[in-house]
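Here is how the chains run, residue by residue.
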Amino acid sequence: MPDAPLAVIDIDDVLADTTPLMLDHLNRKLGTAYTMDDMHVFGMSQALSIPREEVVLLINSNEFQMEIAPMPGAAAGLARLREQGCEVWLVTGRPEIVRPSTEAWLARGGFAYDHLVMGLAGSEKVEALPRAPLLACDDRADAVTAYAAVAQVAYLYARPWNRDGAGPENMRRVEGWGEIIVPGR
Ligand SMILES: [Mg+2]
């Protein structure tokens, strides 16, 4: 039997509405008033005057990870990919230290997947794949550009930090899970 077509999906800001909650926490702790519109480049400490250590404290917190809301339609979207025959790999920059909360959060939200790879960000993600994916989705432009070089279609999940710039020909910018489809189905 041939391998199933591979679908590779990011977690933060694709399955999980992470950045708004992170901003809430940081604003409360630091007395700032940042909004999503301030996130014009990827990465909280790059976009805002927030120390990297404050961001890392949240990323490494199992409690914080459990508080994040799912992105609308994301669980149904993953289920649809699997119904259409895809093997679903979640590939995230989250560190292994939050694997317990990440797995519990995915189970609680009814997210169906086959494999969870942690600790890889941006273009490194492509190196973890067992074969060329049929489709991939991420909110980071460098990851999507790397996926586009090997996948049939690479979806860029629209977020304030990826508004600019054209991408490769097989990159599609999507506004929500309804637009993430298996090509040719
Ligand atoms: Mg992400």
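Because the structure is a prediction, the values reported are computed rather than measured.

1. Examining the overall build of the protein
1) Next: Within the protein, the secondary structure is distributed over seven helices and six strands.
2) Next: The secondary structure elements of the protein, listed N-terminal to C-terminal, are β-α-α-α-α-α-β-α-β-β-α-β-β.
3) Next: For a compact globule of 185 residues, the expected C-alpha radius of gyration is about 16 Å, and the protein comes in at 16 Å, within 12% of that figure.
4) Next: Each principal axis of the C-alpha atoms in the protein carries an extent, and together these give about 55 × 35 × 30 Å.
5) Next: Across the 185 residues of the protein, 35% fall into the buried class.
6) Next: Of the contacts formed within the protein by residues at least 6 apart in sequence, a portion of 59% connects residues at least 24 apart.

2. Quick look at the domain arrangement of the protein
Put simply, an interface is often sized by how much accessible area is lost when its parts join up.
1) Next: The domain architecture assigned to the protein consists of domain 1 (6-17 + 70-179) and domain 2 (18-67).
2) Next: A separation of 21 Å is found between the C-alpha centroids of domain 1 and domain 2.
3) Next: Across the boundary between the two partners, domain 1 contributes 16 residues, which contact 16 residues of domain 2.
4) Next: Class assignment of the residues belonging to the side of domain 1 that touches domain 2 gives a composition of nine nonpolar, two polar and five charged.

3. Details of the environment of Pro100
1) Next: By the secondary structure assignment, Pro100 is in helix α6 (residues 99-108).
2) Next: Separated by 88 residues in sequence, Pro100 and Asp12 place their C-alpha atoms 16 Å apart.

4. Regarding helix α7 (residues 141-148)
1) Next: Among the eight residues in α7, six count as buried, and that is most of the element.
2) Next: Buried within α7 are the following residues: Ala141, Ala143, Val144, Ala146, Tyr147 and Ala148.
3) Next: Buried residues along α7 sit in contact with β1 (6-9), β4 (135-138), β5 (153-157) and β6 (171-174).

5. So, the environment of Ala4
1) Next: With respect to the secondary-structure elements, Ala4 resides in the segment before β1.
2) Next: The exposure class of Ala4 is partly exposed, given the 14 C-beta atoms found within 10 Å.
3) Next: In the structure, Ala4 is positioned 130 residues away from Leu134 in sequence and 9.4 Å away in space, judged by C-alpha atoms.
4) Next: Residues contacting Ala4, with those up to four places away along its chain left out, are Gly85, Cys86 and Glu87.

The rules behind these values
- Residues numbered from 1 in each chain as written.
- Predicted model: local features only at pLDDT ≥ 70, side-chain atom pairs only at ≥ 80, totals over all residues.
- Helix = DSSP H or I, 4+ residues; strand = E, 2+ residues; numbered from the N terminus.
- Rg over C-alpha atoms; globule rule 2.2 N^0.38 Å.
- Buried ≥ 20, exposed ≤ 12 C-beta atoms within 10 Å, placed from the backbone.
- Contact = placed C-beta atoms within 7 Å.
- Domains from an automatic or database assignment.
- Nonpolar A, V, L, I, M, F, W, Y, C, P; charged D, E, K, R; others polar.

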